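In case you want the letters, here they are:
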Amino acid sequence: MTERDGIVEYGSPAFRAGNWSAHFTGTDDGRTLLAIDSGRVDAIDLETGVVTTGPRVTAVATRGDVVAVASEKRPDAVTLLALPELTAREEIDAGGRVYQLAVGGTTIAALTADPYALALIVDGTVHRIDLPDEATCLSVSPDGTLVAVGTDKGRTGNVLVVDATTGTVRHTLTGPRAPVSAVAVSAAQDLVVAAAGPRVLGWTPSAKKPKARTLWVSPKEGASLAGITPAGRLIAYARQAATVSIDPATGAADWETGSYGPALLHDDRVISTRFGDCHELDPATGAVRHTWTHRGYVNRLTAVGETIVGSGLDSRPMLFRPGATGILELGDGHSRSVIAVSFDGDRFATAGEDHRVCVWERGRPSPVFMAMLDEMPNVHRRQGIALDGGTLFVGDSERLLRFAVGDPEPEARSEELDGKVVAVASLADRGEVLAACSKGYRNGVLYRLDARTLKVRAQAKAPHVLGSIVYTPGAATFDLRWATGFRTHEIKRFQDVAEYDYPAHRSQVHLTPDHALVVYVDGHGDTSTLRVLDVATGAPLHDSITIPAVIGESCMSSGGLLTTGHTDAIRLWDLRSGTLAGQLPVRTPLDRGSVLRWTPGEKAVLVTHSSGGLQEVPS
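Along each chain, residues carry numbers from 1 onward, in the same order as the chain's sequence is written. Totals for whole chains, interfaces and linings use all residues, but because this is a predicted model, local features are given only for residues with pLDDT of at least 70 and pairs of side-chain atoms are given and counted only at 80 or more. Water and hydrogen atoms play no part in the side-chain values, which are based on all heavy atoms of the structure.

Concerning the pairing of strand 21 (residues 223-228)
- Burial here depends on accessible area, computed with a 1.4 Å probe over protein chains only, as a share of the maximum for the residue type. Under 20% is buried, over 50% is exposed, and the range in between is partly exposed. Note on conventions: DSSP H or I runs of at least 4 residues are helices, E runs of at least 2 residues are strands, and numbering of each starts at the N terminus. Among the six residues of strand 21, five are classified as buried, and the element is accordingly described as predominantly covered.
- Note: two strands are recorded as paired if DSSP finds a minimum of 2 bridges between them. Bridging between strand 21 and strand 22 (residues 234-238) involves five bridges; their strand directions are antiparallel. Bridging from a neighbouring strand, I228 pairs with L234 of strand 22.
- The loop that links strand 21 with its antiparallel partner strand 22 comprises five residues; one of these, G232, has a positive phi angle of about 90 degrees.

Let's talk about unusual backbone geometry
- Cis geometry is adopted by the peptide bond preceding P84, which originates at L83 and carries an omega value of -5 degrees.
- With respect to the helices, strands and loops of the structure, P84 is situated in the loop between strand 7 (77-82) and strand 8 (87-93).
- One non-glycine residue, F494, lies in positive phi territory at about 65 degrees.

Some remarks on the environment of W20
- Here W20 shows up in the loop between strand 1 (8-10) and strand 2 (23-26).
- Of the residues examined, W20 reaches a relative accessible area of 26% and is grouped as partly exposed.
- In this structure, the C-alpha to C-alpha distance between W20 and V78, residues 58 residues apart in sequence, is 27 Å.
- Two residues qualify as a contact provided that any one of their heavy atoms is within 4.5 Å of a heavy atom in the partner residue. Ignoring sequence-local partners within four residues, the contact set of W20 consists of G312, L313, D314, S315, S335, R336, E353, S610 and S611.

Some points on the sheet that holds strand 30 (residues 307-311)
- Strand order across the open sheet formed by three strands is 29-30-31, with antiparallel pairing between neighbours. For this open sheet the edge positions go to strand 29 (300-304) and strand 31 (318-320), each flanked by a neighbour on one side alone. Strand-to-strand twist of the sheet, defined as the mean angle between neighbouring strand axes without regard to direction, takes the value 30 degrees.
- Where strand 30 meets strand 31, three bridges bridge the pair, whose relative direction is antiparallel. Residue pairing for strand 31: G310 is matched across the bridge by M318. Angular values range over 0 to 180 degrees, each being the angle between N-to-C directions of two axes fitted as lines to C-alpha atoms, with helices fitted over their stretch in contact.

Quick look at the sheet that holds strand 15 (residues 159-163)
- What the four strands build is an open sheet, ordered 13-14-15-16; its pairing is antiparallel. Either end of the sheet is taken by a strand with one partner, and the two such strands are strand 13 (134-140) and strand 16 (168-173). Adjacent strand axes in the sheet meet at a mean angle of 25 degrees when their direction is disregarded.
- Taken together, the five bridges between strand 14 (residues 146-152) and strand 15 define a ladder with antiparallel strand orientation. Each bridged residue has a counterpart across the sheet, and for A148 the counterpart in strand 15 is V161.

Written as structure tokens, this is what we have:
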């Protein structure tokens, strides 16, 4: 999409949260999903994919048509938001900074700090109960009459049972041998349960002096709770271990099944995850009723109506819809940060942390080609990619792949190389391709491969492989360049021809193209400083320059302008004079995962975002 400011946005914004680390929470209106990340809550319409930006918040809870939040503007209040617009409809003073919320029936419970307390909001009346210890978790019974609060006493924990109507503490339950990590309560089933370390414990709150009984001991540390079924069974789980159904009266397990990720209880449906499968289980027997397959890892589950929603390492949710056996791709383009770009005429290729590769035409919002690589996201933030006409070379972990643009299946695949492929360049005039591989260090191995078959023709160890490969057709050498230096290699045997490496041990250090000046970008919270040194003498060229906080990864133009990203703009700095040379607008604020890269001809800056968003900002 291109608007009057000339900025081009690549990739669909549909279903996309503001960051890949967002977790999703369902609502009960049947179509709205909340995305919560980096202190902000957004609403995603699961029918259209439209994202509504909401307020910045510190806590969120939902039930029915209620979305209760603690906003950054009023951290000491509970604000009720209307769906799907996320507009404020009521504010209720909680008497302290709210850091956790839960809702049940008509009761809203809030944990507050400074000092620690529980605020109960019932039909507009607020009760405040001081807590003796730091509260770690919170649950309200479905009918809203009871509240359970888990605490951390260091090596142990307690559970407080509170009457929501009167605001009085009924019981302080003892028994946990570790801080309490999760609680659940049901007045109808006369049951309070808690997870603490590997143990799940239960109590009967109607008893005069409830005694703890051990219901389950997980084979691994970190038991958790999915909830209490309408039939009164407790569903508990432990990551990388098991999901189990327990009779709270006897502590006997009805069934237990191996699982890897979280479990969810949604009405009478039990959902469990194991590697690339999401299972719906029979709550009575644990038998698998239905299976959805998916890529990657599910680290959180929720539901909207009949749709089960998974949160993974992705800015878009996984939607496990009724009757489906897999999940649909939601929108096009990337859903995590773009970490590598290759330009070729009016086209460019991108590789992302989501292990998608895309080919784009400049000015066209949707990719002309998209393919998926292996199952796991790329968390190393380095990947080799090279676009050469209708051919795309890209690193897939320790292998090099060749795609024909238009076919999502690779035409050729190299043998396993010695390290992850972190840089690639096509030598089209030689019918070859270069690849640099690393095992996480700056040194590694250089390869020269046949461009058609991807068979290795030559290889050699190299002291520096982290950078970009630059080749001029017809030349007998190539350069491997990085922010503070370069190394020139002879192509045939990879012998060193020339090198320059400024001794810098931090990532935000940049050399000017003529190697005359070096600039250090230092962060100081709300501000940053630029320290410019003369390389020949090592002396400061002028006083340090204090600027707004630099966000993400900066870059250097071919003319020596340092290009920095900020929440409100992209700024260009003349390092020799120490002055601002220009400023470019941004439509979406930059984040810590943002990377800046000049396009060929330097008529625009390409900006990436943690969500996978990609923008071209004209200069």
